[in-house]
Amino acid sequence: MNPIARITGFCALAVLGLALAGPGRAQTADIILLHGKILTLDERSSIREAMAVSEGRIAAFGSSMDIMKLAGRKTRVVDLRGRTVIPGLIDSHIHAIRAALSYSVEVNWIGASSLAGALGRVREAARRAKPGDWLIVAGGWTPEQFEEKRRPTQAELADAAGEHPAYVQLFYGWALLTPAGLKALNIATDADVPPRGKLEEDANGNKTGGISGDTATITALFSRLPSPGFEQRVAGTRAFFRELNRLALTGVVDPGGFGMAPRDYQALFKVWQDKALTLRVAYTVFAQKRGSELEDYRNLTQLLPMGMGDEMLRFNGIGENVAWGMYNNDSPSDEDKAQFYEIARWAAGRRMSLNMHWHNDRSVGQLLDIFERVDRETPMRDLRWAIAHLNDASAATLQRMKALGVGWAMQDALYFDGERFQKEKGAEAARRAPPIKTALRLGVKVGAGTDAHRVASYNPFVALRWMLDGKTVGGTALRGPEETPTREEALRMYTLGSAWFAHDEDRRGSLVVGKLADLAVLSKDYMKVPVAEIGRIESLLTMVGGRIVYAADPYAQFEEGIRR
Ligand SMILES: [Zn+2]
């Protein structure tokens, strides 16, 4: 051992001694991780070999030999065998609470590389389902991911689903139903389909089972499917969060979503009360009724001050739809803007965080004008307001955001939608979308994420790969090297960067003594594996606050029983 390592080891032990020195408490750790490559993401980007966890927090780093000395009779010892450990990933913009509600009754096609395999998942679900249960694929896939490069036919879906009614949605523009599904929803002609929707026909005029339409059509169609009961919602929440743990996620920042009313949070609250949350959730209130948004916020937050909650579940303000008049609207009226201003001013006065969905750089100035006006009257720059999406953000916009302390929640939407973006805005615009490096250079707070689900996959490793190679799911490389971050920068955005949006970067997001022990042991070395393989990385062991919430071989025996 060289002298420097010896000194570091000694200091680590000294820190641990302090951390564990309590009356009558043995100086041993709860869990130690040895012989690894621990990417701490501390200020010096240190890589450590071993660490100790005690009472949910990181207690020490050092050589494996030093850390081994902290093992007592009850200490669990995880031999990393050279594997890479990262701080737990945090998605800064994911509709996780909503996705979880229906997860236990859905089939997902995320990661299926062939249509045959995807249909196999439907067949498998049909085998487990009770008579009359629906089989629902609610998005998160594209034909481009399949070897066959096409959508399923109705006959194929019906063959896989058997007796069960089945529904498969593609983005927000198309859905396929089996004959049993069409019958269950009483759909026979175009008149039975939600507005602007059409039953598709083949060249011979035969109905294909496909329904095309716009976002409103498909959303309305989806809402006709039976909604899961409370027990299913609770089961779905547990199962979905565990699925996110499998992919190294230990936290989410959740921006509400279409149709998310207060009653839709009850399953989440139940899981929290049962102490069964395996993921830290920071959640915001979405605009409720058009016209009474401010009144709704006032009512809903009277007993819910900003930051209310604990380390697992915390109230994080309002958004991503703050007011319907400004939502997805490039030319809001003066009235819309006045209403938004009133709400924003109220939020600033209540020291509330606010996050807003915005799609176009060309119209975002209207939002920033309002933010600047509010800031002049009620300073909001330390309240961590944020704009989500904005894939074509200009440097000027990012500068205004930086000046206001407004963060940017950035997602891999262009992984699925890059070709369309390129067609619409041109190759030059696609080369710099989203402008990740420019934002970092300007010092804007950037959080990474997926905007899952229904449209996007929630897999953070797919998003990380896309951040590094700019390639769409179809394999087209769009973003140029000038807007491509390094592997470490991408990882920092997915950890510390996202933690900022939950006011939590001092508590988690990096592996530093005293911080919460949120981490994941990876199946492959994120820093070394070819970029193309990053999308296939999984967690082998995920820890949240020192609790092992997910573990797979060779660590399966470490998973702690959470009452299910
Ligand atoms: Zn959004």
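On a predicted model such as this, the values are computed, not experimentally measured, just so you know.

## Focus: empty space enclosed by the protein
Taken as a whole and assessed by the stated rule, the structure comprises six cavities of 30 Å³ or more. What lines the largest cavity is a set of 16 residues, among which Val253, Asn316, Asn355, Ala386 and Phe501 lie closest to the centre. Listing elements by their share of the lining of the largest cavity, those giving two or more residues are strand 14 (249–254) and strand 18 (386–389). Counting residues per element, the lining of the largest cavity draws most heavily on strand 18, at three residues. Broken down by class, the residue content of the lining of the largest cavity amounts to eight nonpolar, six polar and two charged.

## A word on the coordination of the zinc ion
The protein atoms that coordinate the zinc ion are Glu320 (OE), His357 (ND1) and His389 (NE2), at distances of 1.8 to 2.1 Å. Every donor residue of the zinc ion comes from the same chain, spaced as E-x36-H-x31-H. With glutamate 320 in the loop between strand 16 (313–318) and helix 11 (334–349) and histidine 389 in strand 18, this pair connects stretches of sequence that are 69 residues apart.

## Considerations on the packing of aromatic side chains
According to the stated counting rule, one finds 24 aromatic pairs in the structure shown. Put simply, the rings of Tyr103, Phe240, Phe241 and Tyr458 pair up and form one aromatic cluster. When the ring centre of tryptophan 174 is taken as origin, the NZ or CZ atom of arginine 151, which lies over that ring, is 4.5 Å away.

## Thoughts on the sheet that holds strand 16
The strand order 8-14-15-16 describes an open sheet built from four strands, whose pairing is parallel. Each end of this open sheet is capped by a strand with a single partner; those strands are strand 8 (89–91) and strand 16. Adjacent strand axes in the sheet meet at a mean angle of 20°, parallel and antiparallel pairs treated alike. Examined bridge by bridge, strand 14 and strand 15 (residues 280–285) share four bridges and lie parallel to one another. Among the inter-strand pairings, valine 252 is bridged to a residue of strand 15, identified as valine 281.

## Describing the pairing of strand 1 (residues 31–34)
Every second residue of strand 1 is oriented toward a common face, with Ile31 and Leu33 on one face and Ile32 and Leu34 on the other, all of them buried. The pairing of strand 1 with strand 6 (residues 76–79) spans four bridges and is parallel. Within strand 6, the residue paired with isoleucine 32 across the bridge is valine 77.

## What to know about the pattern of salt bridges
Scanning the model with the defined rule gives 37 salt bridges in all. Across the pair glutamate 372 and arginine 400 runs a salt bridge, and its minimum N-O distance is 2.9 Å. Of this pair, glutamate 372 sits in helix 12 (residues 361–377) while arginine 400 sits in helix 13 (residues 395–404), and the two are 28 residues apart along the sequence. Linked by salt bridges that have partners in common, Arg314, Asp504, Arg507 and Arg508 make up one network.

## Here's the deal with the packing of helix 12 against helix 13
A pair of packed helices is characterised by two quantities: the angle between their axes and the separation of those axes. Two elements in contact, helix 12 and helix 13, have axes separated by 10 Å at closest approach and are oriented at 20°. The orientation of helix 12 relative to helix 13 falls into the category roughly parallel. Remark: the crossing between helix 12 and helix 13 carries left-handed chirality. Side by side, helix 12 and helix 13 meet where Asp361, Val364, Gly365, Leu368, Asp369, Phe371, Glu372 and Asp375 of the first sit next to Thr397, Arg400, Met401 and Leu404 of the second. Residue composition of the contact of helix 12 with helix 13, by class: five nonpolar, two polar and five charged.

## Some remarks on the confidence of the model for the protein
With 94% of its residues at a pLDDT of 70 or more, the protein has an overall mean of 93. In this model residues 21–26 is a low-confidence stretch, pLDDT under 50, and it forms three contacts with partners more than four residues away in sequence or in other chains.

## Some remarks on unusual backbone geometry
Most peptide bonds adopt trans geometry, and most residues besides glycine take a negative phi value. For the bond running from alanine 433 to proline 434, omega is -15°, close enough to zero to count as cis. Within the fold, proline 434 resides in the loop between helix 15 (427–431) and helix 16 (436–442). Residues aspartate 553 and proline 554 are joined by a peptide bond in cis, for which omega reads 5°. For proline 554, the location among the structural elements is in the segment after strand 23 (547–551). The phi torsion at aspartate 451 lies on the positive side, around 65°, for a residue other than glycine.

Here is what the cut-offs are and how they apply
- Residues numbered from 1 in each chain as written.
- Predicted model: local features only at pLDDT ≥ 70, side-chain atom pairs only at ≥ 80, totals over all residues.
- Heavy atoms only, no water.
- 1 Å grid on protein atoms, 1.4 Å probe; cavity = no way out; pocket = protein on both sides within 12 Å on 5 of 7 lines; lining within 4 Å.
- Points joined across faces, edges and corners; volume = space filled by probe spheres on them.
- Helix = DSSP H or I, 4+ residues; strand = E, 2+ residues; numbered from the N terminus.
- Nonpolar A, V, L, I, M, F, W, Y, C, P; charged D, E, K, R; others polar.
- Donors = N, O, S within 2.8 Å, 3.2 Å for Na, K, Ca; no water.
- Phe/Tyr/Trp six-rings, centres within 6.5 Å; stacked < 30°, edge-to-face > 60°.
- Lys NZ or Arg CZ within 6 Å of the ring centre and 35° of its normal.
- Pairing = 2+ DSSP bridges.
- Axes fitted to C-alpha atoms, helices over the stretch in contact; angles between N-to-C directions.
- Buried < 20%, exposed > 50% of the residue type's maximum accessible area, 1.4 Å probe, protein only.
- Salt bridge = Lys/Arg side-chain N within 4 Å of Asp/Glu carboxyl O.
- Parallel < 35°, antiparallel > 145°, perpendicular 65-115°, else oblique.
- Left-handed = near helix turned anticlockwise from the far one by under 90°.
- Contact = heavy atoms within 4.5 Å.
- pLDDT = per-residue confidence, 0-100.

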